[in-house]
Amino acid sequence: MTSSPPALSVVERLAAPPANGVVHFSVEFMPPRDQEGEARLWRAVRVFERLDPSFVSLTYGAGGSTRDRTVRIAGELATQTTLVTVAHLTAVNHSIAELRALVGSYADQGITNLLALRGDPPGDPLGEWVRHPQGVEYARELVELISGLGDFHVGVASFPEGHHRARDLDQDTEVLVGKLRAGAEYSVTQMFFDVEDFLRLRDRVARADPEQAAKPLIPGLMPITSLASARRMTQLSGSVIPPAVERRFAEAAGDGPEEDRAAVRAVGIDFATETAQRLIAEGVAGLHFCSLNFAKATCEVLDRLGVGVPDALPTVGAR
């Protein structure tokens, strides 16, 4: 049984030269719903482990719906692999006492890297956000809470298009800067489709607070393998697929009753690679891939970027 050194942080990993000699990358996993899903997750984990990502993260269901599973699997990632593990933590439906207990549960398993999120309401992510009577209102408060509990390394979310609850982009930037000032060491963005949105976010943070702008802003990417799924994800997150990108994928999907998944997937790999190449040219700290617990598509993109994926790895699993 192996584990990463407890004190190793995301920022420390990003400060070192990338192990692959090309670019730092990280991978996001989701807690599986059943045994079959858990087996698929671990197949993907073992593939990515061989590629030595800077870190991996595990999401946390709306309203804490996957709390116990998240805590267990995050602990297994931290103790049974060589991966630097970041556990997501959300404020939805949790009292401060519960949040403290969750942080303690992670600490007991050697996890000191946490991603502090306000979180989405259960059922309807775009619905009204209601604070727990004994909880916290904002992610900034969650950052402060975690930081006050010990030697933790905290990251936060950021939104290239602006969070759907923000009044405007200026307010969205203020919120992000506030989270960074509260002690967050880096941020990971929501998935986006226009690199200009990411660059404008980076510029806004630099204008608002040059000191906080020095902290890593990590772009979130996902190789699209289904247009229908991508549309659902953007609707639930409040983001938008730009018209030119939508047309590109729609042409691949075709006019039949079922989309041409192979053609959509091919465009998705091309688009993710093009996006990643431009981001690398713009000097990003790393690339964060939403894997949906599959390895193949992300491995294909990494291979095109020159990461040096062994020939056998992209054939593991589906998508």
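The rules behind each value
- Residues numbered from 1 in each chain as written.
- Predicted model: local features only at pLDDT ≥ 70, side-chain atom pairs only at ≥ 80, totals over all residues.
- Heavy atoms only, no water.
- Helix = DSSP H or I, 4+ residues; strand = E, 2+ residues; numbered from the N terminus.
- Buried < 20%, exposed > 50% of the residue type's maximum accessible area, 1.4 Å probe, protein only.
- Contact = heavy atoms within 4.5 Å.
- Areas by Shrake-Rupley, 256 points an atom, 1.4 Å probe, with all protein chains shown as cover.
- Lys, Arg positive; Asp, Glu negative; His and termini not counted.
- Charge placed at Lys NZ, Arg CZ, Asp CG, Glu CD.
- Phe/Tyr/Trp six-rings, centres within 6.5 Å; stacked < 30°, edge-to-face > 60°.
- Pairing = 2+ DSSP bridges.
- Axes fitted to C-alpha atoms, helices over the stretch in contact; angles between N-to-C directions.
- Polar contact = N/O pair within 3.5 Å; in protein donor to acceptor, adjacent residues only side chain to side chain.
- Parallel < 35°, antiparallel > 145°, perpendicular 65-115°, else oblique.
- Left-handed = near helix turned anticlockwise from the far one by under 90°.
- Nonpolar A, V, L, I, M, F, W, Y, C, P; charged D, E, K, R; others polar.
- Salt bridge = Lys/Arg side-chain N within 4 Å of Asp/Glu carboxyl O.
- pLDDT = per-residue confidence, 0-100.

Attention now goes to the overall build of the chain. The number of helices and strands found in the chain is twelve helices and eight strands. If you line up the chain on its principal axes, its C-alpha atoms span 50 × 50 × 40 Å. A burial count over the chain gives 52% of its 319 residues as buried. If you take every contact in the chain between residues at least 6 apart in sequence, the share linking residues at least 24 apart comes to 78%. Of the roughly 14000 Å² of accessible surface on the chain, 50% is carried by carbon and sulfur atoms. Mean positive and mean negative side-chain charge positions of the chain (32 and 42 charges, respectively) differ by 1 Å.

Further remarks concern the side chain of threonine 85. Along the polypeptide, threonine 85 turns up in strand β3 (residues 85-90). Non-local contacts of threonine 85, meaning those with residues more than four positions away in its chain, are made with Val56, Ala74, Leu77, Ala78, Ile111 and Asn113.

To continue, consider the packing of aromatic side chains. By the definition in use, this model includes five aromatic pairs. For the ring pair phenylalanine 29 and phenylalanine 48, a centre distance of 6.1 Å and an interplane angle of 50° mean the geometry is tilted. Linking phenylalanine 29 in strand β1 (residues 25-29) with phenylalanine 48 in helix α2 (residues 35-51), this pair joins segments that are 19 residues apart in sequence. Neither phenylalanine 29 nor phenylalanine 48 differs from the other in exposure class; each is buried. Taken together, the aromatic side chains of Phe193, Phe249 and Phe271 make up a single cluster linked through ring pairs.

Looking now at the sheet that holds strand β2 (residues 55-58). Read around the closed barrel, the eight strands follow the order β1-β2-β3-β4-β5-β6-β7-β8; overall the barrel is parallel. Each strand of the sheet is rotated relative to its neighbour by a mean of 30°, with strand direction disregarded. In this sheet, strand β8 (residues 287-290) lies alongside strand β7 (residues 217-221) in parallel orientation, the contact comprising two bridges. Along β8, the bridge assignment pairs glycine 220 with histidine 288.

Structurally, the position occupied by serine 54 is in the loop between α2 and β2. It is 5.8 Å that separates the C-alpha atoms of serine 54 and phenylalanine 25, two residues lying 29 residues apart in sequence. If we ignore the near neighbours within four places in the chain, the residues touching serine 54 are Arg13, Leu14, His24, Phe25 and Val84. Among the polar contacts listed, one links the side chain of serine 54 to the side chain of histidine 24, at a separation of 2.8 Å.

Our focus in this paragraph is the pairing of β7. For β7, the tally of buried residues reaches five of five residues, placing the bulk of the element in the interior. Covered by surrounding structure in β7 are Leu217, Pro219 and Leu221 together with Ile218 and Gly220, the residues of both alternating faces. As paired strands, strand β6 (residues 186-191) and β7 are joined by three bridges and run parallel to one another. Within β7, the residue paired with valine 188 across the bridge is isoleucine 218.

A separate point is the packing of helix α6 (residues 169-181) against helix α7 (residues 195-208). How two helices sit against one another is set out by the angle between their axes and by the gap between those axes. Their axes nearest at 10 Å, the elements α6 and α7 cross at an angle of 65°. Here α7 runs roughly perpendicular to α6, going by the angle between their axes. When you trace α6 past α7, the crossing you get is right-handed. Contact with α6, carried on its side by Leu169, Thr173, Leu176, Val177 and Arg181, involves Leu201, Arg204, Val205 and Ala208 of α7 and no other residues of that element. Grouping the constituent residues of the contact of α6 with α7 by class yields six nonpolar, one polar and two charged.

Attention shifts here to the side chain of threonine 275. With respect to the helices, strands and loops of the structure, threonine 275 is situated in helix α11 (residues 261-281). Judged by its relative accessible area of 7%, threonine 275 falls in the buried class.

Glancing now at the pattern of salt bridges. This model, assessed by the stated rule, comprises 15 salt bridges. Among the charged side chains, a network of salt bridges with common partners joins Glu38, Arg72 and Glu76.

Predicted confidence across the chain gives a mean pLDDT of 90, with 92% of residues reaching 70 or more. The model gives residues 1-5 a pLDDT under 50, and that stretch makes 15 contacts with residues more than four places away or in other chains.

One non-glycine residue, asparagine 93, lies in positive phi territory at about 60°. With a relative accessible area of 42%, asparagine 93 lands in the partly exposed category. With phi around 55°, leucine 292 is a residue other than glycine that occupies positive phi space. With respect to the element layout, leucine 292 can be found in the loop between β8 and α12 (296-304). Residue classification places leucine 292 among the partly exposed positions, given a relative accessible area of 21%.

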